[in-house]
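Residues per chain, in single letters:
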Amino acid sequence: DAMDLLQAALKEFEEANSGVLPVSANDTFALLVSYAENAASYDRGEKLLLAQLKRPVHAEQRDWLSQLLNGLYLRALQNTATVSLGSGATLYKALERKLIADLAGADQSHRYRLLDRLSDVYRAAHRLKYPTAAADLKAFAFEQLPPILKEQNTNYEYLVREFADTVGEVRGPR
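Just so it is clear, the model here is predicted, and its values are computed rather than measured.

**Digging into the pattern of salt bridges**
Then step 1. Per the stated rule, a full pass over the model turns up 12 salt bridges.
Then step 2. Ionic pairing is found between Glu-14 and Lys-11, a salt bridge with its closest N-O pair at 3.5 Å. Here Glu-14 and its partner Lys-11 are both found in helix H1 (residues 2-15), 3 residues apart, which amounts to about one turn of the helix.
Then step 3. For Lys-11, a relative accessible area of 42% translates into the label partly exposed.
Then step 4. As a salt-bridge pair, Arg-55 and Glu-14 come within 2.8 Å of each other at their nearest N and O atoms. Placement of the pair is Arg-55 in the loop between helix H3 (42-53) and helix H4 (59-78) and Glu-14 in helix H1, with a sequence separation of 41 residues.
Then step 5. A cluster of three or more residues bridged by salt bridges with shared partners is formed by Arg-123, Arg-127, Glu-162 and Glu-169.

**Section: the nonpolar core**
Then step 1. Ranked by internal contacts, the top residues of the largest apolar core, which has 47 residues, are Phe-29, Leu-49, Tyr-92, Leu-115, Phe-140 and Phe-163.
Then step 2. Put simply, the parts of the chain that give this core at least two residues each are H1, helix H2 (26-38), H3, H4, helix H5 (88-103), helix H6 (108-127), helix H7 (133-150) and helix H8 (156-171).
Then step 3. Tallying contributions element by element places H4 first for this core, with 8 residues.

**Description of the packing of H2 against H4**
Then step 1. Look at H2 against H4: their axes get within 11 Å of each other, and the N-to-C directions meet at 15°. Our classification of the angle between H2 and H4 gives roughly parallel. In this structure, H2 crosses over H4, and the sense of that crossing is right-handed. Between H2 and H4, the contacting residues are Asn-26, Phe-29, Ala-30, Val-33 and Glu-37 on the first element and Gln-61, Trp-64, Leu-65, Leu-68, Leu-72 and Arg-75 on the second.

**Comments concerning unusual backbone geometry**
Then step 1. Although it is not a glycine, Ser-18 adopts a positive phi angle of roughly 60°.
Then step 2. Residue position: Ser-18 is located in the loop between H1 and H2.
Then step 3. Among the residues examined, Ser-18 registers a relative accessible area of 70% and is labelled exposed.
Then step 4. In this model, Asn-155 sits at a positive phi of 60°, which is unusual for a non-glycine residue.

**Notes on the packing of H1 against H2**
Then step 1. Their axes nearest at 10 Å, the elements H1 and H2 cross at an angle of 150°. If you check the angle between H1 and H2, you find them roughly antiparallel. Seen from above, H1 lies across H2 with left-handed handedness. Across from Met-3, Leu-6, Gln-7 and Leu-10 in H1, the residues of H2 making contact are Thr-28, Phe-29, Leu-31, Leu-32, Tyr-35 and Ala-36.
Then step 2. The residue makeup of the contact of H1 with H2, split by class, is 8 nonpolar, 2 polar and no charged.

Rules and cut-offs
Numbering of residues starts from 1 in every chain and runs along the sequence as written. The model is predicted, so local features are restricted to residues of pLDDT at least 70 and side-chain atom pairs to those at 80 or more, both for listing and for counting; the totals for chains, interfaces and linings are taken over all residues. To get the side-chain values, take all heavy atoms of the structure and skip hydrogens and water. Salt bridges are identified by distance alone: a Lys or Arg side-chain nitrogen within 4 Å of an Asp or Glu carboxyl oxygen. Note on conventions: DSSP H or I runs of at least 4 residues are helices, E runs of at least 2 residues are strands, and numbering of each starts at the N terminus. Categorising residues by exposure relies on relative accessible area from a 1.4 Å probe, with only protein chains included: less than 20% of the type maximum marks a residue as buried, more than 50% marks it as exposed, and the intermediate range marks it as partly exposed. Throughout this description, the term nonpolar core refers to a set of buried Ala, Val, Leu, Ile, Met, Phe, Trp, Tyr and Cys residues connected via side-chain atoms within 4.5 Å. Between N-to-C directions, angles cover 0 to 180 degrees, with each direction set by a line fitted to C-alpha atoms, over the stretch in contact for helices. Roughly parallel refers to an angle under 35 degrees, roughly antiparallel to one over 145, roughly perpendicular to one between 65 and 115, and oblique to any angle outside these ranges. Each crossing is labelled by how the near helix is turned from the far one, with a counterclockwise turn of less than a right angle marking it left-handed and a clockwise turn marking it right-handed. Residue contacts are defined here by distance: any two heavy atoms, one from each residue, within 4.5 Å place the two residues in contact. Gly is placed with the polar residues, together with every amino acid not listed as nonpolar (Ala, Val, Leu, Ile, Met, Phe, Trp, Tyr, Cys and Pro) or charged (Asp, Glu, Lys and Arg).

Here it is as structure tokens:
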């Protein structure tokens, strides 16, 4: 199977580099994760990402791996799949908590991507008709987001617009 062959080749490359997967393998690693997702093996993709997150080359690769993992969790949520965080509404709440917790100490760029992903999570929860989605979004957007945005110099306008649009979609027009 292609995933097994690719995973074995990446493992060999990793071992040849003192147990750390070099940045030059990022595209190939992302391809492996996408194969797992396309095969609805979200748990396999999650395990691959969690293993790499234990030993990133540097902070930039750690943030990149984190974004891949958060994307996998979002797609698992959207496709009603199960990962270690759970499935369905349990996954939704766990992913919301994870993204909000990851905001602490994140640099401008990573914080922007985390907030953008969180907006996607609220939209997915709304589309899946999770009963707390609107209230959760309201609490975040009106209580937690403003102080976070005060520290956000880059992509500020985009994030304000993104959350305003998300509130409009999830909560409906006033």
